[in-house]
Amino acid sequence: MRRPFFLVENLDALMRAKWLLPYLLVPPLLAVIAHLESSLVQGGVVAIYTHKARMTLTIWNGAILLGAISGVQASLYFSSLFRSDWLRASIALPLARCRAYWGALLAVLLVAMVAFTFTIGALVAALPRYGAYPWASVVLSTFALVTWVVCVSAFLGVIANALSSSIFILTMMTVSFVLASPSVIEYHYGGAGTPALALFLHALPPIGMSFFATLGDPWHYVYPMVLVGHSALAAVLGCFFFVRRSGAA
Amino acid sequence: MSVLEISGYSDPPRIRNLSLTVDCGELVLVQGNAGSGKSALFEAIAGLRRSPRGRIRIGGAPACDQESRLRSAFVFQYPAYDPGRSSFNQLVRRLCLYLRSSRDAHGMAVAWSRAWGVPILARQSPDSLTTSQSRLLELALVQILSWDLIVMDEPLQGLDPEVVERFLALLVLKKESSAMLCFAQRGGQLSRLADRTIELPQGATAEQRPEQ
């Protein structure tokens, strides 16, 4: 019973309406996006996608929405938890204090993953099937996005407040998508890129790259792997700062 | 060997070179106004704050060591229970850290709740308890289990007068097998039980033992 103390405590804390209800925003928001998208396609504003591209885009829409909601939720949760009296008193219990950090991270990740599974599961059930579809690549790429969001929130929760953490995560997601768009890549690799753009392209988490890679054939597994690497690095750094800040010698 | 050993602890400008030992069967009262460095010293003993100078050892091990906290109870002035969740579940999970089975923890929590009249069985959160009952909940681990070292910050604050008397009587029993260190702005009724009292802030402080 000693080992999962912080995991169980955090799961208990997360089973409250204020942490779960925002995930209910995903289905209506997804419906609005799908409606807008189909009106753009019907109006000829956007080129008609292939079936594969349409399915990929729908799943990514769900994952991005879930990622944004998870990012804000996790930022709020971690930054309040890591400054709470409850946690401060709890790390005086006979448990390794890094467990307080990993228990909280794992609990938030579990909740986000359950929401992710329901979202993707509902989309898969709702979408029409058109022969072979690379489910594994799309699910792995979108899973990496949600993992990245939670891990970076945990790291930022230790060193920053909820507002700056949320803004940082949403900005990183947006900029990563913008800079990974084919026109920017073409501009950069066409020789017109600047050193600053090159730095951005290499330093940013490859969320956008991962998205565009799932649209292409063959799929590049490198991007989700890099994203998981970013997540692991952020999580470990967060643990380091948490333990230092909690007064361990 | 002393249960708690503090040597050369400094928290300038409030505390300089504090040395103190607390043995089993002793209750030491640390008294001082707000800002006198009591809370910082308490957190350093609980392993939540690195002391820039000095050494704090519990049962021979460093204060931040996991093993040293296994036989020590810390009662904070601030709430150690999440105010929005079931008090009962939180208490049982804390007891499980020290007991072999969750059934034992469950039984002890129920018995404690009945004995002290704290209605946590109906899954109430600490928010729904009175101030005195919330404070009793903070003190529950001290009351239920046996400890080598008990460190408490303002243990009597917020308790109803009749509960204070009962709790003090329990401390007398616990003192036989534990070393106790209590922090308080004013000693009040705790002074009656204290074997020694240390006033903060102080300048160069040597260990204050009656026999010295």
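Look above for the structure.
Trainee: Let's hear about the interface of chain B and chain A: which residues, and what values?
Mentor: At the interface, 25 residues of chain B touch 25 residues of chain A. For the pair chain B and chain A, the number of links is six salt bridges. One salt bridge in this structure joins R88 of chain A and E43 of chain B, with 3.0 Å as the shortest N-O distance. The interface formed by chain B and chain A holds 13 residue pairs in polar contact (both at pLDDT 80 or more) in total. Listing elements by their share of the side of chain B that touches chain A, those giving two or more residues are helix 2 (66–70) and helix 3 (87–96) of chain B. Examining the composition of the side of chain B that touches chain A, we find that four residues originate from one element, helix 3 of chain B, more than from any other.

Trainee: Summarise helix 4 (residues 51–81) of chain A; cite the residues concerned and give the values.
Mentor: Each α-helix winds once per 3.6 residues, and so residues spaced three or four apart point in a common direction. The terminal C-alpha atoms of helix 4 of chain A, which comprises 31 residues, lie 44 Å apart, in line with the 45 Å expected from a rise of 1.5 Å per residue. Counting buried positions over the 31 residues of helix 4 of chain A gives 23, a clear majority of the element.

Trainee: Outline the sheet that holds strand 6 (residues 72–75) of chain B, supporting the account with residue identities and numerical values.
Mentor: Residues and elements named next belong to chain B. Ordered in space as 6-7-8-3-9, the five strands form an open sheet in which the pairing is parallel. Only two strands of the sheet have a single partner each, and these edge strands are strand 6 and strand 9 (196–200). In this sheet, adjacent strand axes meet at a mean angle of 15 degrees when their direction is disregarded. Sheet topology places strand 3 (residues 27–32) next to strand 9; five bridges connect them, and they run parallel. Its bridge partner being in strand 9, Q31 is matched across the sheet by E199. Strands strand 3, strand 6, strand 7 (149–153), strand 8 (179–184) and strand 9 of the sheet are contacted by helix 1 (residues 38–45), whose axis makes an angle of about 150 degrees with strand 8.

The rules we used
- Residues numbered from 1 in each chain as written.
- Chains lettered and ligands numbered in written order.
- Predicted model: local features only at pLDDT ≥ 70, side-chain atom pairs only at ≥ 80, totals over all residues.
- Heavy atoms only, no water.
- Contact = heavy atoms within 4.5 Å.
- Salt bridge = Lys/Arg side-chain N within 4 Å of Asp/Glu carboxyl O.
- Polar contact = N/O pair within 3.5 Å; in protein donor to acceptor, adjacent residues only side chain to side chain.
- Helix = DSSP H or I, 4+ residues; strand = E, 2+ residues; numbered from the N terminus.
- Expected span 1.5 Å × (residues − 1).
- Buried < 20%, exposed > 50% of the residue type's maximum accessible area, 1.4 Å probe, protein only.
- Pairing = 2+ DSSP bridges.
- Axes fitted to C-alpha atoms, helices over the stretch in contact; angles between N-to-C directions.

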